[in-house]
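Topology and contacts: notes
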Amino acid sequence: MTILLFGITKDIVGSPTLSFPTSSVSGKRMPNTVKELKVYLGKTYPELNKLSSLAVAVNNAYADDDHIINSYDEIALIPPVSGG
Amino acid sequence: MTILLFGITKDIVGSPTLSFPTSSVSGKRMPNTVKELKVYLGKTYPELNKLSSLAVAVNNAYADDDHIINSYDEIALIPPVSGG
Amino acid sequence: MDARYARQIQLKDFGPEAQKKLARSRVLVVGLGGLGLPVLQYLNAMGVGTLGLMDQDSVELHNLQRQVLYSEVDVGRMKLEAAHEKLMAQNTKTTFRLHDSFLVRDNALDVIRDYDIVVDATDNFPTRYLINDACVILNKPFIYGALHGFEGHVSVFNHKTGPTYRCLYPNMPSFDEVPNCDENGVLGVLPGIIGTLQALETVKLITGMGEVLSGKLLVFDGLQQRFTKIGFNTNPKNKKIKGLQEHYDPLDCRVVASISAEDFQSIREQEKIQLIDVRTPDEFEGRHLEEALNIPLDALKSLPKNFKTNRKIFVICESGKRSERAIRQLQKDCPDLNLCNVAGGMLKMKTLCP
Amino acid sequence: MDARYARQIQLKDFGPEAQKKLARSRVLVVGLGGLGLPVLQYLNAMGVGTLGLMDQDSVELHNLQRQVLYSEVDVGRMKLEAAHEKLMAQNTKTTFRLHDSFLVRDNALDVIRDYDIVVDATDNFPTRYLINDACVILNKPFIYGALHGFEGHVSVFNHKTGPTYRCLYPNMPSFDEVPNCDENGVLGVLPGIIGTLQALETVKLITGMGEVLSGKLLVFDGLQQRFTKIGFNTNPKNKKIKGLQEHYDPLDCRVVASISAEDFQSIREQEKIQLIDVRTPDEFEGRHLEEALNIPLDALKSLPKNFKTNRKIFVICESGKRSERAIRQLQKDCPDLNLCNVAGGMLKMKTLCP
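Residues numbered from 1 in each chain as written. Chains lettered and ligands numbered in written order. Predicted model: local features only at pLDDT ≥ 70, side-chain atom pairs only at ≥ 80, totals over all residues. Heavy atoms only, no water.

Where an unreviewed UniProt entry is consulted, chain C appears under the name Molybdopterin-synthase adenylyltransferase, with the organism given as Flagellimonas ochracea. On record in UniProt, under Function (unreviewed entry), the comment for chain C is "Catalyzes the adenylation by ATP of the carboxyl group of the C-terminal glycine of sulfur carrier protein MoaD." As recorded by UniProt, the Catalytic activity (unreviewed entry) comment attached to chain C reads in full: "[molybdopterin-synthase sulfur-carrier protein]-C-terminal Gly-Gly + ATP + H(+) = [molybdopterin-synthase sulfur-carrier protein]-C-terminal Gly-Gly-AMP + diphosphate". (UniProt positions renumbered as here; feature names shortened; annotations may be inferred.)

Per an unreviewed UniProt entry, chain A carries the name Molybdopterin synthase sulfur carrier subunit and comes from Flagellimonas ochracea. The annotation that UniProt attaches to chain A under Sequence similarities (unreviewed entry) is "Belongs to the MoaD family."

Here it is as structure tokens:
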């Protein structure tokens, strides 16, 4: 699973992308929904938890919290940005 | 097979994309290489034949005349443009 | 049609009809900063008939790094006046309407009503949500652009049945979660890229040619040279807004009085100031301004006893965010205090006095 | 570093080091038209230390639709002078070097030698191939941008071991296969989008931040809002160029003297002119200028007997392409004839006198 990071999520993680090993390799339980992914990421990067407003895209389409994700999806975290 | 058309090729064909039926459906022999595709297109759009300088991309990579293509490839015809 | 526009009129997909549509259209550009200026320069060049300019800021030196319409001699002038002067010289046929104010809850509907399209070229969330709600109420499309560092967003909201800003981001982020306003840096050329893409969408909307970026968010990452397009749908409840909210300003930068680091530095050089530094003791020890009194944000309950409350009190932190929060905290109990945030904080001060 | 650049210096991936690199860099912009102007406005705003300006054209009315640095009062002035004046006012710290000529075979190496980076903002193939070859010989990278209607290209060529323009397009297209120079229309805002993307690549090349568009061609389609990135490789033989070719000019617009439709129209109104229309009899019958003599291109062997060969002879067709070819044909035998192409042809004339 590849996660593209934009805006402040990129600043928080410190990198423009994150790659996850598939569950079979890591042995850990992988997130199955957008909501679970957010929780999963929030454990490693607690500052992500305070983002009340964060658009998540799965394969270039906006996805709700209960959207199912799998290891071949491309995810993007797109927080709002304000500059002009 | 989808063909994206840019620059003067779009003007010649009169549309930004061309879609080919796969060979099994149309019964016609489909082009197997970039060169054959050029010949094939040149029959329908003779004005394409005079383009001595035309970059062809297969799945977002520049491809030579002898590059093998198949029906699931995305092709782009990118002639040089001069304006500034 | 005018020979002036021959180069676009001769385009098969444009032609004299599109040129006439441009001439008849009225576009309001909210914000005369990094995004608004390229939008205006190109819409004005291409022949949009009526352009509305709206801003109440003045030109500051550090604007020049990205606001390319302004010259050095414009520093200190009102943006509205400087931009109008140059745009008039560029195209004397354009009708300019000048709005010498910020867009706020009390003027938004009246101002927007007279335009066909709004370009959101603002730099803060409250105004973006205000534009969104006012455009939904008045049934006007608006062209959204926004920036963060090396990145930018572009989309067309409220185009016919298409989605709105709230379909992407339902609620305004709280002021401590995402950088707002002036705090965040931006690469000089980024607003040029995003602003010209906004101008293109404006022209497509007016003329009806091509595919408008409605229901799609374009996210540009300048460092990686990556254009990502995200599809999203209309949430019908966001199209049903009937009135503006009571308040859009709790997070508005303009509520917390702030001063640029440059201006702050010149005041420091001229007079004895009152300054609170709300960083941690460790950060304070690393480097601080000599007149600063250190009261970390979490220990800040009230003003120090020896501070004169009838005089201005400056507040500083590392980037300008914690000091903004400190001011809000203090103002909750004493709204009349004359508190002023040092925008950009010690980070900016260090670039001034290395 | 200067407070002027605080907003970009505060970016973690930029910082004071990148600002210093900009200040020390020398960038040549070839062409002061639709692409060159936004490149210069933003490089100048961001603090590039030395900017080279090169062009010998003057500002025409129909330039204003996309060349946003020029005002109406600049029409008729040299672009070099008008652009220099405005860029100086924008940033007095920049060192400007003015090259009052077109880039041609005889000056290319001498001019380019003194710069770190070249921005190709020209409008014709011969100059693009000349820039390519000169940059390969001198081992300089160059930032390519080009336009066609609603489309644009951006790439960085000859960056270290990366590919060159000839790795994409090995040979110059002949003059009748792809529209060249002024003939083709362009949407006003398109050069703004492509030029700002070129400025971004220039800054990335100078500072080393992010990923440079080397080995990748970015193709932008403004109508469909489609960004396509094509990967391509270095062909080693294209990196081995040791000397310029004998000629780059057989297809150069500038070899065929031409006049804008606007200027042609004012001459027509003032004096009796000699004019050949090389379109087919059918086209000619549809609409033609009253003083025109119709000799279709394929029947044109020599000048009509009653034409005065010591006076100027104008040649026109539908778009300006066949008339250009007609002039080349006639000049082969009689190189001293005073022939002049009407740029844009009847298509443009129709927009002038509808």
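This brings us to the packing of helix 8 (residues 190–207) of chain C against helix 8 (residues 190–207) of chain D. A pair of packed helices is captured by two measures, namely the crossing angle of their axes and the spacing between those axes. Running from N to C, helix 8 of chain C and helix 8 of chain D point in directions that differ by 165 degrees, and their axes come no closer than 9 Å. What the angle tells us is that helix 8 of chain C and helix 8 of chain D run roughly antiparallel. The chirality of how helix 8 of chain C crosses helix 8 of chain D is left-handed. Every residue of helix 8 of chain D that contacts helix 8 of chain C at Gly192, Ile193, Thr196, Leu197 and Leu200 of chain C is listed here: Gly192, Ile193, Thr196, Leu197 and Leu200 of chain D. Of the residues contributing to the contact of helix 8 of chain C with helix 8 of chain D, the split by class is six nonpolar, four polar and no charged. (Axes fitted to C-alpha atoms, helices over the stretch in contact; angles between N-to-C directions. Helix = DSSP H or I, 4+ residues; strand = E, 2+ residues; numbered from the N terminus. Parallel < 35°, antiparallel > 145°, perpendicular 65-115°, else oblique. Left-handed = near helix turned anticlockwise from the far one by under 90°. Contact = heavy atoms within 4.5 Å. Nonpolar A, V, L, I, M, F, W, Y, C, P; charged D, E, K, R; others polar.)

What follows covers the sheet that holds strand 11 (residues 292–294) of chain D. All names here are of chain D. The strand order across the open sheet built from five strands is 9-13-12-10-11, with neighbouring strands paired in parallel fashion. Of all strands in the sheet, those bounded by a partner on one side alone are strand 9 (258–259) and strand 11. With two bridges connecting them, strand 9 and strand 13 (residues 339–342) associate as parallel partners. Bridge pairing in strand 13 links serine 258 to asparagine 341. (Pairing = 2+ DSSP bridges.)

Right, let's talk about the sheet that holds strand 12 (residues 313–316) of chain C for a bit. Adjacent strands of a sheet form backbone hydrogen bonds with each other and so pair up, either parallel or antiparallel. Residues and elements named next belong to chain C. Pairing is parallel across the open sheet formed by five strands, whose spatial order is 9-13-12-10-11. Two strands close off the open sheet at either side, each with one partner strand: strand 9 (258–259) and strand 11 (292–294). Examined bridge by bridge, strand 10 (residues 274–277) and strand 11 share three bridges and lie parallel to one another. Within the sheet, the bridge partner assigned to isoleucine 276 lies in strand 11 and is leucine 293. Packed on one face of the sheet, helix 11 (residues 321–333) meets strand 12 and strand 13 (339–342) and runs near 170 degrees to strand 13.

This part takes up the pairing of strand 3 (residues 55–58) of chain B. Residues and elements named next belong to chain B. Neither face of strand 3 is left uncovered, since the one carrying Ala55 and Ala57 and the one carrying Val56 and Val58 both have all their residues buried. Relative to strand 5 (residues 74–78), strand 3 is paired through four bridges, and the arrangement is antiparallel. In the strand pairing of strand 5, valine 56 is matched with leucine 77. Examined bridge by bridge, strand 3 and strand 4 (residues 61–62) share two bridges and lie antiparallel to one another. Bridging from a neighbouring strand, valine 58 pairs with alanine 61 of strand 4. (Buried < 20%, exposed > 50% of the residue type's maximum accessible area, 1.4 Å probe, protein only.)

All right, on to the relation of the copies chain C and chain D then. Mapping chain C onto chain D is achieved by rotating through 179 degrees and translating by 0.1 Å along the same axis, at an RMSD of 0.2 Å. In the structure described here, the two chain copies are related by an operation that fits a two-fold rotation axis. Within chain C, isoleucine 193 of chain C has its C-alpha nearest the rotation axis, a separation of 3.0 Å. In this assembly the copies share their binding face: 99% of the residues contributing to the interface of chain C also contribute to that of chain D. (Least-squares fit on C-alpha atoms with pLDDT ≥ 70 in both.)

Our focus in this paragraph is the environment of leucine 54 of chain A. With respect to the helices, strands and loops of the structure, leucine 54 of chain A is situated in the loop between helix 3 (34–44) and strand 3 (55–58). Taking the relative accessible area as the measure of exposure, leucine 54 of chain A reaches 15% and is therefore buried. Beyond its immediate stretch of four places on either side in the chain, leucine 54 of chain A contacts Thr9, Lys38, Leu77, Ile78 and Pro79 of chain A together with Tyr169 of chain C.

The subject of this paragraph is the interface of chain C and chain D. Residue-level contacts link 67 residues of chain C with 67 residues of chain D. Buried surface at the junction of chain C and chain D, summed over both partners, amounts to about 6,100 Å²; 60% is from carbon and sulfur atoms. The largest per-residue losses of area from chain C upon contact with chain D belong to Arg7, Tyr42 and Gln225 of chain C, which jointly make up 13% of the total buried on that side. Connecting chain C to chain D are two salt bridges. Ionic pairing is found between glutamate 72 of chain D and arginine 4 of chain C, a salt bridge with its closest N-O pair at 2.7 Å. Looking at the side of chain C that touches chain D, the elements with two or more residues in it are helix 1 (6–9), helix 3 (36–46), helix 4 (79–90), helix 8, strand 7 (216–221), strand 8 (226–231) and helix 12 (345–352) of chain C. Residue contributions to the side of chain C that touches chain D peak at eight residues, all from helix 8 of chain C. Looking at side-chain class alone, the side of chain C that touches chain D contains 31 nonpolar, 20 polar and 16 charged residues. (Buried area = accessible area lost by both parts, 1.4 Å probe. Salt bridge = Lys/Arg side-chain N within 4 Å of Asp/Glu carboxyl O.)

In this section: the interface of chain C and chain A. Of the residues lining the interface, 37 residues belong to chain C; the matching set on chain A comes to 26 residues. Our count for the contact surface shared by chain C and chain A stands at one salt bridge. A salt bridge links lysine 10 of chain A to aspartate 221 of chain C, with the nearest nitrogen and oxygen atoms 3.9 Å apart. The tally of links between chain C and chain A comes to twelve residue pairs in polar contact (both at pLDDT 80 or more). Elements represented by at least two residues in the side of chain C that touches chain A include exactly helix 6 (125–138), strand 5 (142–148), strand 6 (151–157), helix 7 (165–168), strand 7 and strand 8 of chain C. The dominant element in the side of chain C that touches chain A, judged by the number of residues it contributes, is strand 8 of chain C, at five residues. Partitioning the side of chain C that touches chain A into residue classes produces 18 nonpolar, ten polar and nine charged. (Polar contact = N/O pair within 3.5 Å; in protein donor to acceptor, adjacent residues only side chain to side chain.)

Among the nonpolar cores identified, the biggest contains 108 residues, and Leu187 of chain C together with Leu187 of chain D are the most heavily contacted of them. Here leucine 187 of chain D is in contact with Gln8, Leu11, Phe14, Met46, Leu200 and Met209 of chain C together with Gln65, Gly149 and Phe150 of chain D, once residues within four sequence places are set aside. With 38 residues, the next largest nonpolar core counts Leu4 of chain A together with Leu130, Ile131 and Met172 of chain C among its residues. (Core = buried A, V, L, I, M, F, W, Y, C linked by side-chain atoms within 4.5 Å.)

Bringing the environment of serine 15 of chain A into the picture now. Residues and elements named next belong to chain A. Relative to the helices and strands, serine 15 resides in the loop between helix 1 (7–13) and strand 2 (17–19). Overall, serine 15 belongs to the partly exposed group, its relative accessible area being 23%. Taking C-alpha positions, serine 15 is 18 Å from valine 81, a pair spaced 66 residues apart along the chain. Residue contacts for serine 15: discarding those within four places in its chain leaves Leu5 and Lys10. A distance of 2.7 Å separates a polar side-chain atom of serine 15 from the backbone oxygen of threonine 17.

Let us look at the arrangement of the chains. By contact count, the dominant pairing among the three pairs of chains in contact is that of chains C and D. Regarding chain A and chain B, which are not in contact, the minimum distance between any of their C-alpha atoms is 18 Å. Chain C makes no contact with chain B, the minimum C-alpha separation between the two being 9 Å.

What follows is about the packing of aromatic side chains. Under the criterion given, the structure shown has 19 aromatic pairs over all chains. Residues tyrosine 144 of chain D and phenylalanine 157 of chain D carry aromatic rings whose centres are separated by 5.2 Å and whose planes lie at 50 degrees to one another, so their mutual orientation is tilted. Of this pair, tyrosine 144 of chain D sits in strand 5 (residues 142–148) while phenylalanine 157 of chain D sits in strand 6 (residues 151–157), and the two are 13 residues apart along the sequence. With respect to class, tyrosine 144 of chain D is no different from phenylalanine 157 of chain D; both count as buried. A network of ring pairs unites the aromatic residues Tyr129, Phe142, Tyr144, Phe157, Tyr165, Tyr169 and Phe232 of chain C as a single cluster. Taking the ring centre of tyrosine 115 of chain C as reference, the NZ or CZ of arginine 97 of chain C above it sits at 5.1 Å. (Phe/Tyr/Trp six-rings, centres within 6.5 Å; stacked < 30°, edge-to-face > 60°. Lys NZ or Arg CZ within 6 Å of the ring centre and 35° of its normal.)

The next point concerns unusual backbone geometry. At asparagine 60 of chain A, a residue that is not glycine, the phi angle is positive and equals roughly 65 degrees. Relative to the helices and strands, asparagine 60 of chain A resides in the loop between strand 3 and strand 4 (61–62). A residue is classified by how much of its surface remains accessible, and asparagine 60 of chain A, at 37% relative accessible area, is partly exposed. Positive phi values are uncommon outside glycine, yet lysine 160 of chain C reaches one of about 50 degrees. Here lysine 160 of chain C falls in the exposed class, since its relative accessible area comes to 66%.

On to helix 2 (residues 15–24) of chain C. All names here are of chain C. Where helix 2 is concerned, the buried positions are Gly15, Ala18, Gln19 and Leu22. Along helix 2, the residues classed as buried sweep out an arc of 100 degrees about the axis, all on the same side. Against helix 1, helix 3 and helix 8 lie the buried residues of helix 2. (Arc of directions from axis to C-beta.)

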